[in-house]
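Geometric and topological summary
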Amino acid sequence: MRYRDNPLIEQRYNCERWKKVRKLKRLMVHGACEMCLSKGKFYPGKIVHHIEPITDLNFMDDDIMYGLNNLMYVCDNCHKEIHGEAVDYYFDEEGNVCQKKQKQA
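First things first, this report covers the structure right here in the doc. (Residues numbered from 1 in each chain as written. Predicted model: local features only at pLDDT ≥ 70, side-chain atom pairs only at ≥ 80, totals over all residues. Heavy atoms only, no water.)

Comments concerning the overall build of the protein chain
Across its full length, the protein chain carries 5 helices and 4 strands. The order of helices and strands in the protein chain, counted from the N terminus, is α-α-α-β-α-β-α-β-β. Residues counted as buried form 31% of the 105 residues belonging to the protein chain. In the protein chain, once contacts between residues fewer than 6 apart in sequence are set aside, the share between residues at least 24 apart is 55%. Summing over all exposed atoms, the protein chain offers an accessible surface of approximately 7,400 Å²; the carbon and sulfur share of this is 51%. (Helix = DSSP H or I, 4+ residues; strand = E, 2+ residues; numbered from the N terminus. Buried < 20%, exposed > 50% of the residue type's maximum accessible area, 1.4 Å probe, protein only. Contact = heavy atoms within 4.5 Å. Areas by Shrake-Rupley, 256 points an atom, 1.4 Å probe, with all protein chains shown as cover.)

This is how it looks when you write it as structure tokens:
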């Protein structure tokens, strides 16, 4: 489910509190992707991800929605990995970012 499917959840994402919490999380990790850092690599983050996903049942729980312990700052690729989507790049043995080749049909 995408939060845009529920206008009440979307309101919570579009409020000033979420903007401040999101900014604070980025600052706390100095803009780095937390998953890449855990692998010993530095790559800039881009998305503040909820560890426990926001659902129709829990979106009013401030600890889940806005709690820093439930948030992780990640890059696009790590966010895709978390959600089981195709990853577009990887780190080679020397720590270089490499783009995966697209499969041809």
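Some points on the side chain of Asn-6
Mapping Asn-6 onto the fold places it in the segment before helix H1 (7-13). Separated by 2.8 Å, the side chain of Asn-6 and the backbone nitrogen of Leu-8 make a polar contact. Not counting residues within four places of it along the chain, the set of residues in contact with Asn-6 comprises Asp-56 and Phe-59. (Polar contact = N/O pair within 3.5 Å; in protein donor to acceptor, adjacent residues only side chain to side chain.)

Observations concerning the packing of aromatic side chains
Under the defined criterion, the tally for this structure stands at 2 aromatic pairs. Here the aromatic rings of Tyr-13 and Trp-18 are separated by 5.3 Å at their centres, their planes lie at 85 degrees, and the arrangement is edge-to-face. Accessibility expressed as a relative area gives 15% for Tyr-13, which makes it buried. Both rings, one in Trp-18 and one in Tyr-66, keep their centres 6.5 Å apart while their planes meet at 40 degrees; by these two values the pair is tilted. A residue pair is termed long-range when its members are at least 10 positions apart, and Trp-18 in helix H2 (residues 16-28) and Tyr-66 in helix H4 (residues 62-66) qualify at 48 residues. Both residues of the pair, Trp-18 and Tyr-66, belong to the buried class. Each member of the aromatic cluster is reached from another via a ring pair, and the members are Tyr-13, Trp-18 and Tyr-66. (Phe/Tyr/Trp six-rings, centres within 6.5 Å; stacked < 30°, edge-to-face > 60°.)

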